[in-house]
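One-letter residues, chain by chain:
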Amino acid sequence: MKQIHTHSAPAAIGPYSQAVAVNGLLFTSGQIAIDPATGEVVTGGIEAQTERICMNLKAVLEEAGTSLKRVVKTTCFLADMGDFAAFNGVYGKHFTEKPARSCVAVKALPKGVLAEIEAIAEL
């Protein structure tokens, strides 16, 4: 098992890794809309936050030697299912290979963000 870390994505908020590589797969921790340059949550609503989340995921994947095109499964968490369509609009621009996905509404997310995405990718 190899832990993955990049400064191009936000550091873990707790005792976990940005991602772990094992047996030819990469398992990312959930990414939220934190700008790694400032450490602050991105403002501008669900679309801006989803864009930042996808950029953060891309950075973690690339650090591990893979890409968004090699993602096989995502799990998406939304603070409000009313954001589903807008979230999908941005998500679809990044996940063009259409990996398997679960998307659920949750009561709250870290730092009050509107969405979080975790991924499993081939290495």
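Residues numbered from 1 in each chain as written. Predicted model: local features only at pLDDT ≥ 70, side-chain atom pairs only at ≥ 80, totals over all residues. Heavy atoms only, no water.

A. Examining the overall build of the protein chain more closely. Across its full length, the protein chain carries two helices and six strands. Secondary structure of the protein chain in N-to-C order comes out as β-β-β-α-β-α-β-β. The C-alpha radius of gyration of the protein chain comes to 13 Å, within 12% of the 14 Å expected for a compact globule of 123 residues. Along the first, second and third principal axes, the C-alpha atoms of the protein chain reach 35 × 30 × 20 Å. Residues classed as buried in the protein chain amount to 41% of the 123 residues present. The long-range share in the protein chain, meaning contacts at least 24 apart out of those at least 6 apart in sequence, stands at 69%. For the protein chain, the exposed surface amounts to about 6,300 Å²; the carbon and sulfur share of it is 53%. A gap of 4 Å separates the mean positions of the 11 positive and 12 negative side-chain charges of the protein chain. (Helix = DSSP H or I, 4+ residues; strand = E, 2+ residues; numbered from the N terminus. Rg over C-alpha atoms; globule rule 2.2 N^0.38 Å. Buried < 20%, exposed > 50% of the residue type's maximum accessible area, 1.4 Å probe, protein only. Contact = heavy atoms within 4.5 Å. Areas by Shrake-Rupley, 256 points an atom, 1.4 Å probe, with all protein chains shown as cover. Lys, Arg positive; Asp, Glu negative; His and termini not counted. Charge placed at Lys NZ, Arg CZ, Asp CG, Glu CD.)

B. Region of interest: the nonpolar core. Core analysis: the biggest nonpolar cluster contains 25 residues, and Phe-87, Phe-95 and Ile-117 have the highest contact counts within it. Elements supplying a minimum of two residues to this core: strand E2 (19–22), helix H1 (45–63), strand E4 (71–78), helix H2 (84–94) and strand E6 (115–122). When residues in this core are grouped by element, the largest group, seven residues, is from H1. The next biggest cluster of nonpolar side chains, apart from the first, holds five residues, and it includes Ile-32, Ile-34, Leu-109 and Val-113. (Core = buried A, V, L, I, M, F, W, Y, C linked by side-chain atoms within 4.5 Å.)

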